[in-house]
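# Geometric and topological summary
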Amino acid sequence: MDVRVGDVLVMKKKHPCGGFEFSVLRSGMDFKLHCLGCGREFMIPRSKAEKNIKKILRENKEETNA
């Protein structure tokens, strides 16, 4: 799956704050995500994140369904 820094991920499961959208700060074996609802940053393994991605929003308005 092609996830880049700066992408906004729309996830299937929500964050405890109620937000579904997360900004990608770092990608590799782990993703560092920034919750757009509450502002918290956290690390999540790539395998777990890729299972939960519903949609990838890019800055150039290109949308990718996962």
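In the block above lies the structure referred to throughout.
Now for a quick tour of the structure. Everything numeric in this text was worked out from a predicted model, so none of it was measured.

Attention now moves to the pairing of strand β1 (residues 8–11). Because side chains alternate across β1, one face comprises the buried residues V8 and V10, and the other comprises L9 and M11, equally buried. Bridge count for β1 against strand β5 (residues 53–57) is four bridges, and the pairing is antiparallel. Looking at β5, one finds that M11 is bridged to I53.

Time to look at the packing of aromatic side chains. Taken as a whole, this structure holds one aromatic pair when the rule is applied. Ring centres 5.7 Å apart and planes at 90 degrees place the aromatic pair F22 and F42 in the edge-to-face group. Of this pair, F22 sits in strand β2 (residues 21–26) while F42 sits in strand β4 (residues 41–45), and the two are 20 residues apart along the sequence. Accessibility expressed as a relative area gives 3% for F22, which makes it buried.

Moving on, we come to the environment of M29. Within the secondary structure layout, M29 lies in the loop between β2 and β3 (30–35). In this structure, M29 is in contact with P45 and R46, ignoring residues within four places of it in sequence.

Between side chains of opposite charge, a pair can form when the charged atoms approach closely. Using the criterion set out here, one finds five salt bridges in the structure. In this structure, R4 and D2 form a salt bridge, with 2.9 Å as the shortest nitrogen-oxygen distance. D2 gets classed as partly exposed once you look at its relative accessible area, which sits at 43%. Notably, a salt bridge pairs D7 with R58, separated by 3.0 Å at the nearest N-O pair. With D7 in the segment before β1 and R58 in the loop between β5 and β6 (63–65), this residue pair connects regions lying 51 residues apart in the sequence. Take D7: its relative accessible area is 3%, and that puts it in the buried class. In this structure, a network of salt bridges that share partners links the residues D2, R4, D7 and R58.

Cut-off values and rules
Residues numbered from 1 in each chain as written. Predicted model: local features only at pLDDT ≥ 70, side-chain atom pairs only at ≥ 80, totals over all residues. Heavy atoms only, no water. Buried < 20%, exposed > 50% of the residue type's maximum accessible area, 1.4 Å probe, protein only. Helix = DSSP H or I, 4+ residues; strand = E, 2+ residues; numbered from the N terminus. Pairing = 2+ DSSP bridges. Phe/Tyr/Trp six-rings, centres within 6.5 Å; stacked < 30°, edge-to-face > 60°. Contact = heavy atoms within 4.5 Å. Salt bridge = Lys/Arg side-chain N within 4 Å of Asp/Glu carboxyl O.

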